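What follows is each chain in one-letter form.
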2 protein chains.
Amino acid sequence: MCSPGVRVPKGVAPDCFRLEEAPAPAAGAGQVLIRVLWLSCDPAMRGWIAEGPNYSEPVPLGGVMRSFTLGRVEASDHPDYPVGVYVLGRQGWQNWAISDGSDIDRIVDPEQGPLSANLHLFGMTGLTAYLGLSDVGRPKPGETVVVSTAAGAVGALVGQIAGILGCRTVGITGSPEKVADCLDRYGYDAALNYKDYETAEALADACPAGVDIYYDMTAGWISDAVMGQINLGARVVLVGTMALPSGPPPVGPRYSRQMLVKRATMTGFLVLDHFDRLEEAVTALAAWYREGRLQYREDVTEGLERAPLALMTLLDGSNRGKVLVKLAE
Amino acid sequence: MCSPGVRVPKGVAPDCFRLEEAPAPAAGAGQVLIRVLWLSCDPAMRGWIAEGPNYSEPVPLGGVMRSFTLGRVEASDHPDYPVGVYVLGRQGWQNWAISDGSDIDRIVDPEQGPLSANLHLFGMTGLTAYLGLSDVGRPKPGETVVVSTAAGAVGALVGQIAGILGCRTVGITGSPEKVADCLDRYGYDAALNYKDYETAEALADACPAGVDIYYDMTAGWISDAVMGQINLGARVVLVGTMALPSGPPPVGPRYSRQMLVKRATMTGFLVLDHFDRLEEAVTALAAWYREGRLQYREDVTEGLERAPLALMTLLDGSNRGKVLVKLAE
């Protein structure tokens, strides 16, 4: 029950993907042709290609792998997207894409920061970190915030934002290198390698005043140690379940009495519900970024054919930063 | 894992209690002498006498069993509590009690309704049902509300209030007689005997539009069937854990992915945190009561020496209504 185990879902491997070549498509009436420059690799992709209930439709067998993307409009018959604008969208794993605008989320300003940052800091990652922590976690100065996958793209932001807001921050992550990133780069007050601890003692030592907010991206056995330390009125922001296998729910300790005794709240948070607040989050994050208070790390892989390998580094936890695939300048 | 099993906590039995006789106490300076008329038996008592973390201090071995009580002041040297007033308090399992007022919660109006109703409808029970459902559950007309221990003192009220508010109500309870009470007396749209079903199918049939609010007083395996049926944005009001054994958390299915996919919220609710809103709740409940829209059932046992037996009927689920012990008129 408490073994780290294999976190890549059974059956998800590079050979699940096939590279297909086809003539470059042309934009028709009301359409744009997009040169995809960057692909984002996200934990949610695991759910999109796994069996079982998910908040999104699964990617059909034989379909283009779904992905958040940043691209440039190269040809246009759409008044909202003229040639030369950069767009965030969901063009998927392909070098060129035709769009009628329905899979474009917004135009991005290339002056705001590095283009790729729109796929994390100024995008879903930033929104997930900012809203999940502020709206659901409701941090108060002096509270203790624990973050699982603390050195990941979302987690690193959560830890830094919580620190900016005056909280004690404790990160749980999966390698000595990531522990070092947590402490040296992201400013966590304490950081633990979950592969090193078999009991909750290390966590308890890192949280002498207990846990007020748990920003949970793993669930499962990694969370068990945290749930034992929660304070009265704790808020659990449930953002991911990376430590749970696909398929039917595995068994683990039932937290119900702890949740009741502590009058805790657990809330499933999905950023897709909160797109309308992206500008608010980006405004706050951009201000902190300009002040030099937000650090991030990117793991960049080049070439469409290597996208499956990049995704694997995210799913097996060997990445150190936001996993991106660069397709073109 | 899914067996109803024995719900009385190991070691809690009538012979855990001892009847002691002593000379009638006398009120000293600043004190009142209270004739205890009614004892309330509540699920929380299980936690008060069980090992393990609880939101209240355990009752010490050899101490007077803690209990909510209704009594009459028989002698007084306290300006707030003159002779003859009826008081709700925490005088415990005794016929006579001395109080300095610190364990008196409020003076009750004997004209408002039956005296004993202050121990449920106009007391903690009513407050638990009213606030847990309205504040945490936030019911909207047409939503489906599932209640576990649906025919119990709190559950019966939750079901009736949810019905008054225009929800579809589905009760889970533990005997054919309680199912009949749910349907005939408390107006549930559907009711299930959990001892009859081994799968979630019966519940799914009773909730064709899924579950929007789960008012959960059992947790454990009874809740497993409900968690599989929750809708997007579901609210789980966690009020009790009657189906969990005392001691370390047992194992069961991990709900994390379901909570995330459904963006559900689970909140531990303890009425002790909300005493300040008792008058608000009693005002709402008293209005519905006067309109004849709230039914309740009392299981009355007479005599202090039979209090442990009365408690057992609550803990083993054989009660049909609010369990009370009557000590005097």
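Below is a short write-up of the structure. The structure presented is a predicted model; accordingly, all values stated were derived computationally and were not measured.

On to the relation of the copies chain A and chain B, then. Each copy superposes on the other: chain A lies on chain B with an RMSD of 0.0 Å after a rotation of 180° and an axial shift of 0.0 Å. Expressed as a symmetry operation, the mapping of one chain copy onto the other fits a two-fold axis. When the interface residues of chain A are mapped onto chain B, 100% of them again fall at the interface, so both copies present the same face.

A few words now on the interface of chain A and chain B. Counting residues at the interface gives 30 residues for chain A, matched by 31 residues for chain B. The dominant element in the side of chain A that touches chain B, judged by the number of residues it contributes, is helix α7 (residues 256-261) of chain A, at five residues. Partitioned by chemical class, the residues of the side of chain A that touches chain B number 17 nonpolar, eight polar and five charged.

This part takes up the sheet that holds strand β8 (residues 190-193) of chain A. The sheet built from twelve strands is open, its strands ordered β8(A)-β7(A)-β6(A)-β9(A)-β10(A)-β12(A)-β12(B)-β10(B)-β9(B)-β6(B)-β7(B)-β8(B) with mixed pairing. Edge positions in the sheet fall to β8 of chain A together with β8 (190-193) of chain B, since each of these pairs with one other strand and no more. Direction aside, the axes of adjacent strands within the sheet are offset by 15° on average. Inspection of the sheet shows strand β6 (residues 144-148) of chain A paired to strand β9 (residues 211-216) of chain A by three bridges, in the parallel sense. When the sheet's bridge partners are listed, A:V146 is paired in β9(A) with A:Y214. Contacts between helix α2 (residues 124-137) of chain B and the sheet are confined to β6 (144-148), β9 (211-216), β10 (230-238) and β12 (265-268) of chain B, with β10(B) contributing the most and set at about 145° to the helix. Against the sheet, helix α3 (residues 153-164) of chain B touches β6, β7 (168-173) and β9 of chain B, its axis set at about 165° to β7(B).

Here we take up α2(B). In an α-helix, one turn spans 3.6 residues, which is why side chains three or four residues apart end up on the same side. Across the 14 residues that make up α2(B), a large majority, twelve, are buried. Two residues or fewer past α2(B), B:R138 is found with a positive phi of approximately 45°.

Residues and elements named next belong to chain B. The set of residues buried in helix α9 (residues 307-315) consists of A307, P308, A310, L311, L314 and L315. Buried residues of α9, seen end-on, are gathered within an arc of 160° and therefore sit on one face of the element. Along its buried surface, α9 packs onto β1 (32-40), α1 (44-48), β13 (298-302) and β14 (322-326). Looking one or two residues beyond α9, the residue adopting positive phi is G317, at roughly 80°.

The rules we used
- For every chain, the first residue of its written sequence is number 1, and the numbers climb from 1 along that sequence.
- As they are written, the chains are lettered A onward and the ligands numbered 1 onward, keeping that order.
- Whole-chain, interface and lining totals are the exception, using all residues; otherwise, since this is a predicted model, local features are given only for residues with pLDDT of at least 70 and side-chain atom pairs are given and counted only at 80 or more.
- A least-squares superposition brings the copies together, and it is based on the C-alpha atoms of residues with pLDDT no lower than 70 in both.
- Any two residues are considered in contact once their C-beta atoms, placed from the backbone, lie within 7 Å.
- Each helix corresponds to a stretch of at least 4 residues labelled H or I by DSSP, and each strand to a stretch of at least 2 residues labelled E; elements are numbered beginning at the N terminus.
- Each residue receives one of three labels: charged for Asp, Glu, Lys and Arg, nonpolar for Ala, Val, Leu, Ile, Met, Phe, Trp, Tyr, Cys and Pro, and polar for the others, Gly being one of them.
- Should DSSP find at least two bridges between two strands, the strands are taken to pair.
- Helix axes use the C-alpha atoms of the stretch in contact, all axes being lines fitted to C-alpha atoms, and the angles between their N-to-C directions lie in the range 0 to 180 degrees.
- Put plainly, a residue is buried at 20 or more neighbouring C-beta atoms within 10 Å of its own, exposed at 12 or fewer, and partly exposed in between, counting only other residues' C-beta atoms, which are placed from the backbone.
- The directions considered for the arc are those from the helix axis to the C-beta atoms.

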